[in-house]
Amino acid sequence: MERSFAKEIALLRKGAGEVFEGEGILAIAKALLQSGVSYVTGYQGAPVSHLMDVFHDAKELLAELGVHYAPAANEAGAAAMLAASINYPVRGAAVWKSTVGTNVASDALSNLASAGVKGGVVMVVGEDYGEGASIIQERTHAFAMKSSMWLMDPRPDHEHLVPLIEKAFELSEASSTPVMAEVRIRACHMRGRFIAKDNVKPRYGTHAPIPEPDFDYSRICLPPATYTQEKDKIERRFPAARAFIREHRLNEVLDGDLNDVGIIVQGGHTNTVLRALARLGLADHFGATRVPVLVLNVTYPLVPEEITGFCAGKRAVLIVEEGNPDYLEQAIAATLREGDIQTRVIGKKVLPLAGEYTAEVVLTGLVRFLEGTMPRGVDVAQVARVLEEATAPGRKAKALIGATLPPRPPGFCTGCPERPVFAAMKIVQREVGQVHVAADIGCHSFATLPPFNMGNSILGYGLGLSSAQAVAPLFGEKRTITVMGDGGFWHNGLSSGVSAAVQNRTDGVMIVLDNNYSSATGQQAIPSTRNSRQDVPQRLPIEQALRAMGVRWIRTQGTYRVKDMVKTLREALTTKEKGLKVIVAAEECMLARQRREKPRYAAALKAGERVVRTRYGVDAATCTGDHSCIRLSGCPSLTIRDNPDPLRRDPVAYVNNDCVGCGLCGEVADAAQLCPSFYRADIVSNPTPRDLWWMRLRERVIGALQRWAERRNPAPAPMPAPAE
Amino acid sequence: MSAARPISVLISAMGGEGGGVMTDWIVAAAQKADLPVQGTSIPGVAQRTGATTYLVEIWPQTNAELGGRRPILAVHPEPAGVDVVIATELVEAARCCERGFVSPDRTLLIAATRRVYATVEKQAMGDGRFDPERAFRALREIPARTMLYDPDRLPPPARGASLNALSLGLLAGAGVLPIPHEAFRAAIRAGVAPETNLRGFEAGLALAAEGLPGPEPAAAPLPPRAELPEMLRHAAATLPADVLAVAEIALPRLVHYQSAAYARRYLERLGPVLAADPAPGGVHRLSAEVARQLALWMCYEDVVRVAQLKSSAARFAELRAEVRAKEGEPVAVTEFLKPGIGEAADLLPPFLGRPLRAWAERTGRIGRWHLALRVRSTSITGFLALFLLARLRRWRPFSARFAEEQAAIAAWLARILAAARRGDHDLALEIAACARLLKGYGDTYRRGREGFALVMQHAVDPARAAPAGDASAPGRVARAREAALADPEHKTLRATLASLAAPPPLARAAE
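Computed from a predicted model, the values in this text were never measured in an experiment.

Check the secondary structure of chain A and you find 26 helices and 24 strands. Overall, chain A is about 100 × 70 × 60 Å in size when its C-alpha atoms are taken along their principal axes. Sorting the 724 residues of chain A into buried and exposed places 55% on the buried side. Put simply, 79% of the contacts in chain A that link residues at least 6 apart link residues at least 24 apart.

A tally of regular secondary structure across chain B gives 22 helices and 8 strands. Taking 511 residues into account, the globule formula puts the C-alpha radius of gyration at 24 Å, and chain B, at 30 Å, lies well above it. Along the first, second and third principal axes, the C-alpha atoms of chain B reach 95 × 60 × 50 Å.

Let us look at the interface of chain A and chain B. Taken together, the contact between chain A and chain B spans 114 residues of the former and 124 residues of the latter. With 10 residues, the top contributor of residues to the side of chain A that touches chain B is helix 16 (residues 380-401) of chain A. Here 5 bridges tie strand 24 (residues 678-685) of chain A to strand 7 (residues 331-337) of chain B, and the two strands are oriented antiparallel to one another. Its bridge partner lying in strand 7 of chain B, A:A681 is registered against B:V333.

Residues and elements named next belong to chain B. Position of A13 relative to the elements: it lies in strand 1 (residues 7-14). You can call A13 buried: it has 28 C-beta atoms within 10 Å. In this structure A13 touches G19, T52 and T88, once residues within four positions along its chain are discounted.

Here we come to the packing of helix 19 (residues 425-433) of chain B against helix 21 (residues 473-484) of chain B. Residue and element names in this part refer to chain B. Relative to each other, helix 19 and helix 21 sit at 10 degrees, their axes nearing to 8 Å. Put simply, helix 19 runs roughly parallel to helix 21. By crossing handedness, the relation of helix 19 to helix 21 is classed as left-handed. Residues D426, L427, E430, I431 and A433 of helix 19 touch helix 21, and the partners they reach there are A473, P474, V477, A478 and R481. Looking at the contact of helix 19 with helix 21 residue by residue, the classes come out as 7 nonpolar, no polar and 3 charged.

The next point concerns the sheet that holds strand 19 (residues 553-557) of chain A. The pairing of strands in a sheet happens through backbone hydrogen bonds and is either parallel or antiparallel. Residue and element names in this part refer to chain A. Read across the open sheet, the 6 strands follow the order 16-15-17-18-20-19; overall the sheet is parallel. At either end of the open sheet lies a strand with only one pairing partner, and these are strand 16 (457-458) and strand 19. The sheet contact formed by strand 18 (residues 508-514) and strand 20 (residues 580-586) spans 7 bridges and is parallel. Each residue of the ladder has a partner; that of D514, found in strand 20, is A586.

With that out of the way, let us pick up helix 16 (residues 350-362) of chain B. Taking 1.5 Å as the rise per residue, helix 16 of chain B with 13 residues should run 18 Å; its terminal C-alpha atoms sit 18 Å apart, in good agreement. Immediately downstream of helix 16 of chain B, the backbone of B:G364 shows phi near 70 degrees, a positive value.

Time to look at the nonpolar core. Soluble, globular proteins show a tendency: their nonpolar side chains are buried together. Counting residues in hydrophobic clusters, the biggest one holds 135 residues, and the most contacted among them are A:I28, A:W150 and A:A181. Those residues in contact with A:I28 that lie beyond four places of it in its chain are A:L51, A:V124, A:L161, A:I165 and A:V183. By size, the runner-up hydrophobic cluster in this structure holds 106 residues, among which are A:V421, A:A472, A:I683 and B:V333.

Right, let's get into the sheet that holds strand 12 (residues 298-300) of chain A. Residues and elements named next belong to chain A. A sheet is described by the order of its strands in space; here 7 strands give the open sequence 3-2-4-5-7-6-12, paired in mixed fashion. Taken across any chain shown, the strands that pair with only one partner, and hence form the sheet edges, are strand 3 (68-69) and strand 12. Here strand 2 (residues 39-42) pairs with strand 3 via 2 bridges, running parallel. Paired with Y39 across the bridge in strand 3 is H68.

Reading guide: rules and limits
- Residues numbered from 1 in each chain as written.
- Chains lettered and ligands numbered in written order.
- Predicted model: local features only at pLDDT ≥ 70, side-chain atom pairs only at ≥ 80, totals over all residues.
- Helix = DSSP H or I, 4+ residues; strand = E, 2+ residues; numbered from the N terminus.
- Buried ≥ 20, exposed ≤ 12 C-beta atoms within 10 Å, placed from the backbone.
- Contact = placed C-beta atoms within 7 Å.
- Rg over C-alpha atoms; globule rule 2.2 N^0.38 Å.
- Pairing = 2+ DSSP bridges.
- Axes fitted to C-alpha atoms, helices over the stretch in contact; angles between N-to-C directions.
- Parallel < 35°, antiparallel > 145°, perpendicular 65-115°, else oblique.
- Left-handed = near helix turned anticlockwise from the far one by under 90°.
- Nonpolar A, V, L, I, M, F, W, Y, C, P; charged D, E, K, R; others polar.
- Expected span 1.5 Å × (residues − 1).
- Core = buried A, V, L, I, M, F, W, Y, C linked by C-beta atoms within 7 Å.

In structure tokens, the structure reads:
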């Protein structure tokens, strides 16, 4: 990690009455400290990485408070750490990305939830759903249901979010149950403010040890205790939770005069619903609404009395519940049926089952609901007109554009050290033919997009090698390639992939992209991190771990020399040696490197030191506009521009000034024998007298030769293009 | 219910452009002005060069005025409900319109109209760029008001400023937010790279006050052209204007590439095409296209040409500008050259070159044996290597490649002429345009030639064998030609040709 978080740490120190202005995920971090947590853990991933980055740097503050912070090796590890609250009255928190992280954590979570907790446990799960998400689209809700854990879905503004997180600990303790707080991407990244409270020192922590270990067989997840635990969930924990939710008014009712209908909304979508109502003239911008709204800040468990109380006397309620299955809608319908309340439940009939509930989606659903239910006092025609007016400009723009706009998905950064590996793979496949590529999670997943289009499946974080193990034998002699990042390697790849491959003597190739950090999540340190801003020495090189696991064929290799990578890959794919062959492609993440190098370069330049800047370029005159270099490199700084030759039409390749001089484009042109158009330029700033002497000499000799050639055979001057 | 409503600002940016930083500035400035504000974003992995958006909502009354009341601010941008959209690129600006956020009665669009090409546009074998006019149509019609600018055409210091700081200046200057300029300045001062960003902000502010520059400035006058030998000048003078426009570029290039005699040969080849060109309405479409393609083909890229271009004085000057080397900064240039067995065979006389190439192809050495050269063209020895290689120009007409290319040109022209003479002018034009498939070096070039041969054999020749006047024939050739540019492996081409006629044999995989 090459960033400093001093500003963020200062926010976490705010005391009672001070104004906290910052990001949502930091507001949550502050809420944890205000709740007196003893320990915090997690596994990085958008949108919750930031909390971990800041805690990682906040050692001093945490030591003052007695809070133990340790990142886990994966989410299962993080969930297992919550065990501290099973036996001891200490509050603990864990963060991860959901649903993928919750998937990984779920083994430990089942046990945690069954045993129940003494100290409050809150899991902050970053719901990576909708636009900007990088994972499969599922709901976290199911985990809460199956393990009888509680699920909060707080209203997305700091003033609701912070107290609700604090309440989550109390709810957890009141019902001996871990609580998940589901926070969506936009809420995590939200900039807002709230009035801070003092941080609370936990009773037990790094400053105050627990006197005695606790032994209580009823906390062990083995029969017969498990039977008792299951019963306890039903008989004690559920009722206790419902009572707490009701008494502390965790869910809110916003009353309105149009009370023959109502809306029940997941807390996280409250703002969107209120804004849609305001658009339709049915609410103001301060939350005063004419249509009654029940805000579910806790979506599991539901409190039946709250549901029946809200719905009684209403003809219909709209359920605003994102994603599928429609758990809330089903539960609410069942509750009303049991209570013999005849209110119609309308949810997925007017709102989509799949996809994010954006402003337009919710507005459309709400209008359809009003049109269908015709509440007294609502001008349905007017409401429909508002929707028509809101959506017309988009339709008109689409018609005017009249073609699909080119998509712009994320891709490898300029100078990314992973890109050359895929260029090398592409080149090798020209010789050996197409091979099955088991992809994995990480920045390298972008190789599945153009221009590489590489990767046949993605099965989860660190599961690439496992996913290749049944494919490999199906291809006979032709080997498969697994591509895994160092993040995935430590998360799960080593334990489940490598161990099984060694045990089963699987024949295949794995490339581990060792870029020094868990990069896609924001460059957090992992066991093989060689150095970082914190100057942590490398603890466990990947090669050493592989040797210990019994892998014999290992090559560690820099990535920018494409030719060498091609050679190593070719060898791995064709060697007679059986078994797992691992290429550790080691090169530091360019984002991190630039973050360090750029200020260093700027300082040296300013100080008048001799510095050399390297960048690459394309000669427009020799480029013929075929773009095979782009298809093999995909670098953002390798782009195209109008052909300066008036006789040619196809755009020429061009290296823009974002180039960081990694050299891949030149390497690729060289290794794939593409074309002679690439050049490398080393520009010397603050040259020494010796540099200048040489420059003048060269310019004189070369200039004379050029003038001689020009006299004999003058080059044509540039011309404007002829009219078409 | 109060008529006041939140002011909604949507920022569209690509990863690495500082959209998040801009969001922070606006939020901080609003906070400094004591206005309720909320910012959200969905960076996810989009920070890695992808397109993403940021939303800021500001309530137009101060916290003090509200006295503890808290407005509900949105998490998602509303359809046709955004007051300001800031975009840093043309297609992204159009995307904001397409996604429905821009409204004709409300939205100010502040957008840079430059293009940053997406991978799908860049990777096309020909020209895959999105038609900018389509985007401009939306930009002109949809927003209530626009502030559009091309960052490369702005006067300094606005040119070269980071777009986030510049956009913030434009936003502040537009006067749509109830935030004083000083609050923006304070926000920048508290953030990253305050000095440069303040300069960018002030530049934007000044631009907003003075008005954004109009369309592009007049092009700089071109330097005088090289003199043509008298004879060529006379011959060229007889060409019709639309063909002359091409020939005026082609002839000096051919002289420079080879010789005046070679340029004469160009005119001789063009003569029969002109004679067969009916030039409907006085427009010589066929002749002009042949003139263009013929010039490019006759100046085919070989090592001699590459050395000539790379060692020229003009290139040295352009390169320095391109890499932004300052006056007095030495620049060392390294070329990546990889002459292989193919290039050697090209240079040898036909009786040696042909068997060598045939042997290399037969034994699979063609793409394998080569000399990886890194030539430091700014050093005296490196330059001399290029310089001497360029002197081989005189030898070129005796080389195997020269003979091959001239024969291929003759065959191509014969096909064009045959079609034109029997009245199939559109077909002739399509055949002429097929020469665009021939480009690149090494493997790329071999592939291009393979595609060209396939199109000639399986699309052009059947059309010529059929009776004249088949109106669908030109379309078939055009389709085959486009298919040859669809993918480097010629999968699409083969499928297209198969749908046109009998399938050609399968060829090796490429790229």
